[in-house]
Amino acid sequence: EAGVVQSPRYKIIEKKQPVAFWCNPISGHNTLYWYLQNLGQGPELLIRYENEEAVDDSQLPKDRFSAERLKGVDSTLKIQPAELGDSAVYLCASSPRGGHEQYFGPGTRLTVT
Amino acid sequence: GEDVEQSLFLSVREGDSSVINCTYTDSSSTYLYWYKQEPGAGLQLLTYIFSNMDMKQDQRLTVLLNKKDKHLSLRIADTQTGDSAIYFCAREGGTASKLTFGTGTRLQVTL
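Bear in mind the structure is a predicted one, so any value in this text is a computation, not a measurement. Along each chain, residues carry numbers from 1 onward, in the same order as the chain's sequence is written. Each chain is given a letter, starting from A, and each ligand a number, starting from 1, according to the order in which they appear as written. Only residues with pLDDT of at least 70 get local features here, since the model is predicted, and only at 80 or more are side-chain atom pairs given and counted; chain-wide, interface and lining totals rely on the full set of residues. Derived side-chain values reflect all non-hydrogen atoms in the structure, with water molecules and hydrogen atoms excluded from consideration.

Some points on the overall build of chain A
Runs of E in the DSSP output that reach at least two residues are strands. Runs of H or I that reach at least four are helices, and both are numbered from the N terminus. The number of helices and strands found in chain A is 0 helices and 11 strands. Scanning chain A from its N terminus toward the C terminus, one meets helices and strands in the order β-β-β-β-β-β-β-β-β-β-β. In terms of overall dimensions, chain A has C-alpha extents of about 40 × 25 × 25 Å along its principal axes. Long-range contacts, defined here as pairs at least 24 residues apart, represent 52% of the contacts in chain A between residues at least 6 apart. Only the protein chains shown count as covering a residue, and every accessible area follows the Shrake-Rupley method with a 1.4 Å probe. Carbon and sulfur atoms form 49% of the exposed surface of chain A, whose accessible area is close to 5600 Å². Contact definition: two residues touch when any of their heavy atoms are within 4.5 Å.

Shown next as C-alpha cells:
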C-alpha cells in the first residue's frame, strides 16, 4: 500500500512569492491533515479535512494561507505571499474513517529567502 | 505543544534499553502516540495506547502509561543504531483527531 505522497519535497522561494504544496493521502483515507513543523519542534495542526469539508481550520493563518480538497482526495496548501517566517516543513497526514492512527507523508521543506 | 513535554536528548549504548519519557497536562487525553522521525523524513507511527490501558508491548517497544501522573514512556529494548532518530510523544483529546505533539527527544545510539 502506497503511503502519503507529497510534492515537491523541497522548495526555495523569495519572500512575497506564492507557493503551493500538494498531498495525495493513502487510498481510502477520508481524513486529511496539514501540519507545520518548525525546526526543533513537533508538528502543529494547520487544517483538518473530513472528505472535502474543512472541519478544523482554527490554526490556519487565513490572511495568507489557503487550502482545498475539492474532490475529497488530493489536497493543496497555498501560501500567498510567503514570508521569511514561513520557512518550515509542511507535513500532510491521513487517517481512515473512524481510525485513530495518522500516517504522515515525507513533508515539503520550504525555505523563504 | 507546551502541554506535552519531553526531554530533548537521550544517549544510550547499542544493546542497552532506552527509555523516553513524556508528560502531558490534559487529563481528557484519549489516545497517546509515539512517532519516530529520521532526518529529512516524515513521522512514522510506532505505537499508540488508549487511555484506559496502562501498558502495551509490541516487539522491542513497551509503552507505559501512568494516567494519574499524566506520564507516558517508551522503552526500546536492545537499542540499535537504526533507532537513532527523534521520538515524538503526542496526545489526542478534546477536539477529536487533533494531535498535540511534544518537542521531541533526540535519541543517539553509540557503539
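Further notes follow.
Describing the nonpolar core
One finds A:Phe21, A:Trp34, A:Leu46, A:Leu77, A:Ile79, A:Tyr90 and A:Leu110 to be the most contacted residues of the largest nonpolar core, which totals 22 residues. Where this core is concerned, the elements lending two or more residues are strand S3 (19-24), strand S4 (31-37), strand S5 (44-50), strand S8 (75-79), strand S9 (88-95) and strand S11 (108-112) of chain A. A:Leu46 has contacts with A:Trp34, A:Tyr35, A:Leu36, A:Asp56, A:Asp57, A:Gln59, A:Leu60, A:Pro61, A:Leu77 and A:Tyr90, leaving out every residue within four places of it along the chain. Counting residues in each nonpolar core, the second largest holds 20 residues, with B:Val4, B:Tyr24, B:Ile49 and B:Cys89 among its members. To define a nonpolar core, start from buried Ala, Val, Leu, Ile, Met, Phe, Trp, Tyr and Cys residues and group those joined through side-chain atoms within 4.5 Å. Buried means the residue's accessible area, taken with a 1.4 Å probe over protein chains only, is under 20% of the maximum for its type, while exposed means over 50%, and partly exposed covers the values in between.

What about the interface of chain B and chain A?
It is common to report an interface's size as the accessible area lost on association of the parts. Contacts between the two partners involve 20 residues from chain B, matched on the other side by 19 residues from chain A. Of the roughly 1600 Å² buried at the junction of chain B and chain A (both faces included), carbon and sulfur atoms supply 51%. Salt bridge, as used here: a side-chain nitrogen of Lys or Arg that lies within 4 Å of a carboxyl oxygen of Asp or Glu. Put simply, chain B and chain A have 0 salt bridges between them. Two N or O atoms form a polar contact when they lie within 3.5 Å of each other; inside protein one atom must be a possible hydrogen donor and the other a possible acceptor, and for residues adjacent in sequence the pair counts only when both atoms belong to side chains. Applying the counting criterion to the chain B and chain A interface returns 7 residue pairs in polar contact (both at pLDDT 80 or more). Put simply, the parts of the chain that give the side of chain B that touches chain A at least two residues each are strand S4 (31-37), strand S5 (43-50), strand S9 (85-93) and strand S10 (95-101) of chain B. At 6 residues, S10(B) tops the list of elements feeding residues into the side of chain B that touches chain A. Buried area is calculated as the accessible area (1.4 Å probe) missing from two parts once they are joined, with the contributions of both summed.

A look at the sheet that holds strand S8 (residues 71-76) of chain B
Residues and elements named next belong to chain B. Ordered in space as S1-S3-S8-S7-S6, the 5 strands form an open sheet in which the pairing is antiparallel. At either margin of the open sheet sits one strand with a lone partner, and together these are strand S1 (4-6) and strand S6 (55-58). Within the sheet, the average angular offset between the axes of one strand and its neighbour, ignoring direction, is 15°. One requirement defines pairing of two strands: DSSP has to find at least two bridges between them. Bridge count for strand S3 (residues 18-24) against S8 is 6 bridges, and the pairing is antiparallel. In this description, a line fitted to the C-alpha atoms serves as the axis of each element, helices being fitted only across the stretch in contact, and the angle between N-to-C directions of two axes falls anywhere from 0 to 180 degrees.

Regarding the environment of A:Thr76
Here A:Thr76 shows up in strand S8. Counting along the chain gives 24 residues from A:Thr76 to A:Glu52, while the straight-line C-alpha distance between them is 12 Å.

Here's the deal with the side chain of B:Thr47
Relative to the helices and strands, B:Thr47 resides in strand S5. When neighbours within four sequence positions are excluded, B:Thr47 is seen to be in contact with B:Leu32, B:Tyr33, B:Trp34, B:Lys56, B:Val63 and B:Leu74.

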